[in-house]
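Descriptive analysis of the structure
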Amino acid sequence: MNNKGKTSVKFLGMTVIAMFFFSFALVPLYNVFCEVTGINGKVFQSENSQEYTAEVGRDVAVQFISSNNERMPWIFKPSNEVMGVVTGKYYNATFYVKNTTNKTMTAQAVPSIAPSNAAAHLKKLECFCFEQQELAPGEEALLPVKFLISNELPNQIKNVILSYTIFDITDYNQENLAHLEMHTEKN
Amino acid sequence: MSAVIENHHDDHHHGPAKGLTRWLYTTNHKDIGTLYLWFSFAMFLIGGAMAMIIRAELFQPGMQIVEPEFYNQMITLHGLIMIFGGVMPAFVGLANWLVPMMIGAPDMALPRMNNLSFWILPFAFFILLSSLFMEGGAPNFGWTFYAPLSTTYAPPSVTFFIFSVHIMGASSIMGAINVIVTIMNMRAPGMDLMKMPLFVWSWLITAYLLIAVMPVLAGAVTMMLMDIHFGTSFFNAAGGGDPVLFQHIFWFFGHPEVYIMILPAFGIVSHIIETFSRKQLFGYSSMVWAMLSIAILSFVVWAHHMFTVGMPLAAELFFMWATMLIAVPTGVKVFNWIATMFRGSITFETPMLFACAFVVLFTLGGFSGLMLAITPADFQYHDTYFVVAHFHYVLVPGAIFSIMAAVYYWIPKWSGNMYDERLGKLHFWLSFIGVNVTFFPQHFIGLAGMPRRYPDYALQFADWNMVSTVGAFLFGISQVFFLFIVIKTVMGGKKATDQVWEGARGLEWTVASPAPYHTFGTPPKVD
Amino acid sequence: MLSNYTNKLTGFLLTLSLFTNPAKADWFALNMTEGATAISEEVFNLHMLIFWICVAIGVVVFSVMFYSMFAHTKKKNPVAATFHESTKVEIAWTVIPFLILIAMAVPASKTLTKMYDDTAGDVNIQVTGFQWKWQYRYLEDGVSFFSNLSTDMDEIYNLVPKGENYLQEVDEAVVIPVGKKVRFLITANDVIHSWWVPAFAIKQDAIPGFVNTAWTKVDKVGTYRGKCTELCGKNHGFMPIVVKVVEQDEYDLWVSDKKEAAFKLAELTEKEWTTAELVERGESVYATNCVACHQVNGQGITGIFPALAGSDIVLNDKPRNIEILMEGVQGAAMNSFDYLSEVELASVITYTRQSWGNAEKGDGEIVSPKDIVDYKKPKI
C-alpha cells in the first residue's frame, strides 16, 4: 500500500479511538450541558451563602415528594408536603427518615426537580442529598434541605416540585462511593 | 540448483485455492464478498425464524406458543440479528464485491484485514445465539438495551451480549476503514470523486458514519459492562448516574446507524433505475449532496427517539425541527429517481421491480417517519406498533429489497449465470404482497393503541394482528424460495454476457461474466 | 300498548348492544383516538393534518411515477430522452418541501408548548411504575394504592373465554374529577416504564430516581384505558392503566372513602398488638367460626376434621397457616375466611398457635394484622 494509504489508515484508526473516548466524554459533557442550560432537573450545590435580599419576591408553592427505590424499606417522608415560599429567600425543609430494619444501612437520596426549567433557579445551600446517610437499626433522623428559589424563576411557574428518591447503597463498594463524591461536588 | 527467474510470478495470477481452506484464508475481495453475502443470508433466515415465532404468538390474543420471558428474548435477538447479522453484513458484502470493480481497483486496500473483518462475525454470532442456552436465557431487554433493564436487571448472558457487540463493532469499523482507504487511494486514473458511481459514493459516506459512531456504541456497552461488573454508576441514579444518559449515548450511535443501513440502498437503487430506464441518472451531483446532507444531519437528530423521556421544551423543539429537515434531501432523492425514469425506456426485470417497490414503499416509511417527527403526535405513536410499522417499512421494503435487487442485478456478473426471470418475478410479487400484508396493518394497530414489545394484546387489536401474521408467513416462505432461486442460479442457468443488462454502465460491466478472480490488475483508463 | 313499547325497547336495546360490544375484535380500530381533552383533540387534529399532507404529496409523486411506469416502457418509448439535470427543477423541489415542513412545524410547536404548561394541578398524583404494576399516591389527600392487572391467568392461557376488557382491567383504578386540572408526577421504582393514556394524549417515561410531569383536564366523564409503553421485563404487556373520570362530588366521596379505609388500616397495622390481646380476641373469633369443625379443644374429629392442637402447620409453618385461612383448602371442607377482617384473622390464627400447648411445642410465632395485610398485597 502506498504512503497515502498508510496515512489514511493511521488517521482513520485514530478517529476510531477518539470517538471511543468521546463516548466516555459524553458522561461529564452531559452534566456540564445540563448545568449550563439548567435542564434535566439536575441541581448542584450553591456556593453562595449570603442571604439574598428579596426585593420583589413572588409567591411560589414548593411541593416535596419522597420515593423509595426498590426494596428500600426505610420510612421516608417530607415533614411538610407543601411549603409556600417567596422567591429570593432561603428556607429550611426537612425529611423524616427511619431505618426500620435490624441492620445498619446507608442510603443515597437523589433529587429531581419539576418542571425541568425550574432546576436552574433552585439553589441549594445544604442538602442531605449531597452526602450518603447512614442509619443504625431503628435509628431515625430529620434530614435538612436549605434552599432558595431565585427571582429569575420564569413567571409562569407558580409551583415547583422537589422530589427525592432514596436508594440503598449499603453494598456499594468504595469505588462507587468515590464516583458518587465526584457528582455531588460543589460547583 | 537452478536460478529461479523472478518475473515468472508476474505473468499469471493464481486462481482460487482449492478446498475449504480457500474460504478460510482468502484475501480476495470477491471471495470475501461472497462469504459476507452467504453469512448475511443465513442470519436473515435465522432472524426471520424468530420473527415467525413472534408473529405466531401474536396471531391471536392470549399466550399460546411461548412464555413472555422467552418472547422478550425473541424480539431482542430478532432485532440484533437482522441489523448486525443481516442488513449490515449484506451491504459490506456488496461493497466488497462491487467497490473495487467499480473504481477499477484490483482489490480492497487491506485484504488481510478484510478477511479478519469477516471471520470474526460468525464467531460473534455464535456467542450471541448460544446465549439462548445459557442460564437465565438470552438478552431480553430489546435490541436498544436501555439501562437499568440491561444492567441491574439483566440476565447473566448480558456479558456475552456485550462481548458479541464489541466484536461486531470491530468488524464494521475495520470494514469501514478498508472501504475509505480503498476509495480514497485506489481509484483508476481519471475517476474523480464526482465521477464515482453512486454506490461507491454511498459507501464512502456510510463508511465515515461507521467510523464516527460504532466506537460510541462500543463506549456505551463498555460503560454497561463497567456498571454491571466493576461497580461504576454511569446509568444508576443511586450512584450519581442517569439512565437517560444511556439513551443519549445509545441513540447518538443509533440514529446514524439507521442511515448506515439505508445509504448503500440508495446507491444500489440509483444504479438499477438508471440501467433499466436506459437513461442517465437525473441530478448526479444533487444525489451526492443529498446523501452528504442526510449523513451530517443524522448526527443532530438522535433525541427524536426519546421524546417522552422528559426533555425540556427547547430540546424537544430543536430535535423536532432538525428531524423534519431530513425529509428535504430524502425527498430530493426520490424525485430524482422518478425523474430518471420519466421519459426513459423502461423494462421491468426483477431488479427493477424491487427498485421501483423500494421507491414507493421506502417513501411510505418516510411519511410515517415524518409523522413521528411531530413531537406532540409522537406522544401517541412512541413505543407503539406505529413505530414498528415505520421502521419495518424503511428496513424491509427499504434496505432488504435493495439487497435483493442488488443480488438479482449483479449475480449474473458474480456467477456468470442468469437467474430464472419468471421465478425472480414470482419471488418479487410474493415478497411485495407479503411485506405489505404484514406491515401495513401495523400502522392501524399502533394508532389504535397497541404498544410494541407486547406478547399479548387486548381484543380490539386481534383482527389486524391476525392479518399481519398471515402476511409474515407468506413473506417468510418467499425468502426460502429466494434461497432456492439463488442456489439454482449459482449452480447453472442461461449464460450471462459481459454487459448483462442493455442499459448498464460502469466498470464492473466491462469485465467478463463471471468476473475473473482477479480484475483490474492494470488500472483502466477512465474518461 | 305495553307490548308495543316493549318491542320498541327491546329493539332499541339490541341495536345499542351492537355498539356497546367492544369485546369483539375490531376491523375498524384504524386510527388514533380524538380523546377526551382539549389537548388530545389538538394532537389528533395535528396527526390528521400531517397525514393528509403526506397523502397529498404521495398521490402527486406516485401519480407521476406510475404514469411513467405505464407510459415510458421500452415498448411505448423505445428511445429514451437524454435529460439528466435541471437546476431550476432541483431548487423547486427542495424549496417547496421545505416550505411545507414549516407549515407543519408551526402548529406542532404551538401544541407542544401548550403541553409543557407546568403550573400546579387541582389534583396532584404521584405515579410510580413497578415491575409489574402501578402505584398511585394522591399528594393532597394521602390516598395511596397499587393498581394491578385483574385479568385472570385462565383467560390469558386460553382456559376460559376472554372478557370484554381483557388485559385492560385493573383491581383499583385511578379516579380523577372531570373538568379539573390533574397533574401527574411520574417515576419508577426499578426499571424504566412509561405511563400512557391515549385519551389524554399523555405519555411520559417513568424513570427510577427522576420525576417527569404531565397534566390533563378531562372534559368528559368516563373510563379511559392506557398501557405501559417501555419494555420493563417479562410482564411489560400486563400492567395496564385505568382512569375513571367522575363528577366532583363522586370524586370527593371516593377520596373520603379511601382516606377512611387507609385510616382504619393504619390503625390496625400500626397498633402494637400484644400476644395476650390477640389471643383474647382470637378466642371469640374461634368460637364463632371454627369450633364447629375443629372443636373447642382443637382436636377436630379424627378422620374428618384435622386437629389444630399439635398440627404441624399450626406449630411450624406460619406462612402456610395464613395461606390456608386466606385461600381455603382445595378439595376439602375448609373454605377461605378472607372475608374476616385482618384483626380477626390475625387473632384467630394467633389463638390457635398459642393454645392447647402449641406455643411450647412449636415456633410460637404470632400473626399480626400487618401479616394479613402483607399477605393480601398483590404479588408480582
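Conventions used here
- Residues numbered from 1 in each chain as written.
- Chains lettered and ligands numbered in written order.
- Predicted model: local features only at pLDDT ≥ 70, side-chain atom pairs only at ≥ 80, totals over all residues.
- Heavy atoms only, no water.
- pLDDT = per-residue confidence, 0-100.
- Contact = heavy atoms within 4.5 Å.
- Pairing = 2+ DSSP bridges.
- Helix = DSSP H or I, 4+ residues; strand = E, 2+ residues; numbered from the N terminus.
- Axes fitted to C-alpha atoms, helices over the stretch in contact; angles between N-to-C directions.
- Buried area = accessible area lost by both parts, 1.4 Å probe.
- Salt bridge = Lys/Arg side-chain N within 4 Å of Asp/Glu carboxyl O.
- Polar contact = N/O pair within 3.5 Å; in protein donor to acceptor, adjacent residues only side chain to side chain.
- Nonpolar A, V, L, I, M, F, W, Y, C, P; charged D, E, K, R; others polar.
- Buried < 20%, exposed > 50% of the residue type's maximum accessible area, 1.4 Å probe, protein only.
- 1 Å grid on protein atoms, 1.4 Å probe; cavity = no way out; pocket = protein on both sides within 12 Å on 5 of 7 lines; lining within 4 Å.
- Points joined across faces, edges and corners; volume = space filled by probe spheres on them.
- Expected span 1.5 Å × (residues − 1).
- Core = buried A, V, L, I, M, F, W, Y, C linked by side-chain atoms within 4.5 Å.
- Disulfide = S-S within 2.5 Å.
- Parallel < 35°, antiparallel > 145°, perpendicular 65-115°, else oblique.
- Left-handed = near helix turned anticlockwise from the far one by under 90°.
- Phe/Tyr/Trp six-rings, centres within 6.5 Å; stacked < 30°, edge-to-face > 60°.

Here we come to the confidence of the model for chain C. All names here are of chain C. Per-residue pLDDT for chain C has a mean of 88; in total, 92% of the residues score no lower than 70. With pLDDT under 50 throughout, residues 14-23 is counted as low confidence; its partners more than four residues away or in other chains account for three contacts. Confidence estimates for the predicted assembly give a pTM of 0.86 and an ipTM of 0.93.

Residues and elements named next belong to chain A. Spatial strand order, 3-1-9-5-7: five strands in an open sheet with mixed pairing. Of all the strands in the sheet, the pair left with one neighbour each is strand 3 (82-86) and strand 7 (133-135). Averaged over all adjacent pairs, the angle separating strand axes in this sheet is 30°, with direction ignored. Bridge count between strand 5 (residues 105-114) and strand 9 (residues 159-168): eight bridges; the pairing is antiparallel. Bridge assignment links Q108 to a residue of strand 9, and that residue is F167.

Another point: the interface of chain C and chain A. On the side of chain A, 19 residues touch chain C, which itself brings 18 residues to the contact. Summed over both partners, the interface of chain C with chain A buries about 1,500 Å², with 49% contributed by carbon and sulfur atoms. Three residues, N189, G209 and V211 of chain C, lead the burial of chain C against chain A; their summed loss comes to 30% of the area buried on that side. Taken together, chain C and chain A are joined by zero salt bridges. Counting across the chain C and chain A interface gives six residue pairs in polar contact (both at pLDDT 80 or more). If one sorts the elements of the side of chain C that touches chain A by residue count, strand 5 (residues 181-188) of chain C sits on top with three residues. In the side of chain C that touches chain A, the residues fall into six nonpolar, seven polar and five charged.

Mapped onto the elements, A42 of chain B comes out in helix 3 (residues 29-57). Exposure remark for A42 of chain B: the relative accessible area of 36% places this residue in the partly exposed category.

Residues and elements named next belong to chain B. Taken as a whole and judged by the stated rule, the model has five cavities of 30 Å³ or more. There is about 80 Å³ of room inside the largest cavity. Around the largest cavity sit Y36, F84, M88, P89, V92, L121, M168, S171, S172 and G175, which together line it. Breaking the lining of the largest cavity down by element, the ones donating at least two residues are helix 4 (68-103) and helix 6 (158-185). Across the lining of the largest cavity, the residue classes break down as seven nonpolar, three polar and no charged.

Take helix 7 (residues 198-229) of chain B next. Residues and elements named next belong to chain B. Counted at 1.5 Å a residue, the expected span for helix 7 with its 32 residues is 46 Å, and the 45 Å between its end C-alpha atoms agrees. Summarising burial for helix 7: 27 of the 32 residues are buried, a large majority. One or two positions beyond helix 7, positive phi appears at G231, with a value near 70°.

A separate point is the nonpolar core. With 288 residues, the main nonpolar core has F84 of chain B together with Y138 and W195 of chain C as its most contacted residues. A per-element tally of this core places helix 4 of chain B first, with 22 residues. Residues in contact with Y138 of chain C, not counting those within four places in the same chain, are V123, N124, I125, V143, F145, V174, V175, I176, Y251 and W254 of chain C. Residues V60, A107, A119 and L153 of chain A belong to the second largest nonpolar core, which totals 34 residues.

Residues and elements named next belong to chain C. One open sheet holds the five strands; their spatial order is 4-10-9-6-7, and the pairing between them is mixed. Taken across any chain shown, the strands that pair with only one partner, and hence form the sheet edges, are strand 4 (174-177) and strand 7 (202-206). Taken pair by pair, the neighbouring strands of this sheet meet at an average axis angle of 25°, ignoring direction. Of the strand pairs in this sheet, strand 6 (residues 193-197) and strand 9 (residues 222-228) are connected by two bridges, and their pairing is antiparallel. Opposite W195, over in strand 9, you have C228 as the bridge partner.

What follows covers the interface of chain B and chain C. Reports often express the size of an interface as the amount of accessible area lost when the parts come together. Opposite the 97 residues of chain B that make contact, chain C presents 88 residues. Here chain B and chain C share an interface that buries about 8,000 Å² over both sides, 69% of which is from carbon and sulfur atoms. Between K74 of chain C and E502 of chain B there is a salt bridge whose closest N-O contact spans 3.0 Å. Across the contact surface, chain B and chain C share 35 residue pairs in polar contact (both at pLDDT 80 or more). Looking at the side of chain B that touches chain C, the element that brings in the most residues is helix 12 (residues 327-341) of chain B, giving nine residues.

With that settled, consider the state of the cysteines. Enumeration according to the criterion identifies one disulfide over all chains in this entry. With its sulfur 2.3 Å from that of its partner, C127 of chain A forms a disulfide with C129 of chain A. Looking along the S-S bond of the C127 of chain A-C129 of chain A disulfide, the torsion reads about 130°, which is the right-handed sense. The residues C127 of chain A and C129 of chain A share a single accessibility class, namely buried. The thiol of C290 of chain C is unpaired, and the distance to the nearest cysteine sulfur, on C293 of chain C, comes to 8.7 Å.

Bringing unusual backbone geometry into the picture now. Along the chain, S513 of chain B connects to P514 of chain B via a cis peptide bond; the corresponding omega equals 0°. Relative to the helices and strands, P514 of chain B is located in the segment after helix 17 (462-491). Here Q131 of chain C and W132 of chain C are connected by a cis peptide whose omega angle stands at 5°. By secondary structure assignment, the location of W132 of chain C is in the loop between strand 1 (123-130) and strand 2 (133-138). Of note, the phi angle at A201 of chain C is positive, near 55°, even though the residue is not glycine. Here A201 of chain C is to be found in the loop between strand 6 and strand 7. For Q295 of chain C, which is not glycine, the phi torsion reads 65° and is therefore positive. By relative accessible area, which is 25% here, Q295 of chain C ends up partly exposed.

Another point: the packing of helix 5 (residues 111-130) of chain B against helix 6 of chain B. Residues and elements named next belong to chain B. Interaxial distance between helix 5 and helix 6 falls to 9 Å at its minimum, and their mutual angle equals 160°. Classified by the angle their axes make, helix 5 and helix 6 are roughly antiparallel. Pair helix 5 / helix 6 crosses with left-handed handedness. Contact residues: M113, N114, L116, S117, I120, L121, F123, A124, F125, I127 and L128 in helix 5; F160, F161, F163, S164, I167, M168, A170, S171, M174, G175, I177 and N178 in helix 6. Residues belonging to the contact of helix 5 with helix 6 are distributed by class as follows: 17 nonpolar, six polar and no charged.

This next bit is on the packing of aromatic side chains. Residue and element names in this part refer to chain B. According to the stated counting rule, one finds 82 aromatic pairs over all chains in the structure shown. Ring geometry for W302 against F319: centres 5.0 Å apart, planes inclined by 65°, an arrangement best described as edge-to-face. Taken together, the positions of W302 in the loop between helix 10 (284-297) and helix 11 (313-325) and F319 in helix 11 put the pair 17 residues apart, joining distant regions of the chain. In this structure, W302 and F319 share a single accessibility class: buried.

Next up on the list: the pattern of salt bridges. What the rule picks out here adds up to 14 salt bridges over all chains. Between K114 of chain C and E42 of chain C there is a salt bridge whose closest N-O contact spans 2.7 Å. With K114 of chain C in helix 3 (residues 87-115) and E42 of chain C in helix 2 (residues 38-71), this residue pair connects regions lying 72 residues apart in the sequence. Look at K114 of chain C and you get partly exposed, because its relative accessible area is 43%. On the accessibility criterion, E42 of chain C (23% relative accessible area) is partly exposed. Note that D371 of chain C is salt-bridged to K318 of chain C, the shortest N-O span being 2.9 Å. In this pair, D371 of chain C is assigned in helix 12 (residues 369-376) and K318 of chain C in helix 9 (residues 318-327), connecting sequence segments 53 residues apart. Ionic contacts of the salt-bridge type, sharing partners, join the residues R278 and E502 of chain B together with K74 of chain C into one network.

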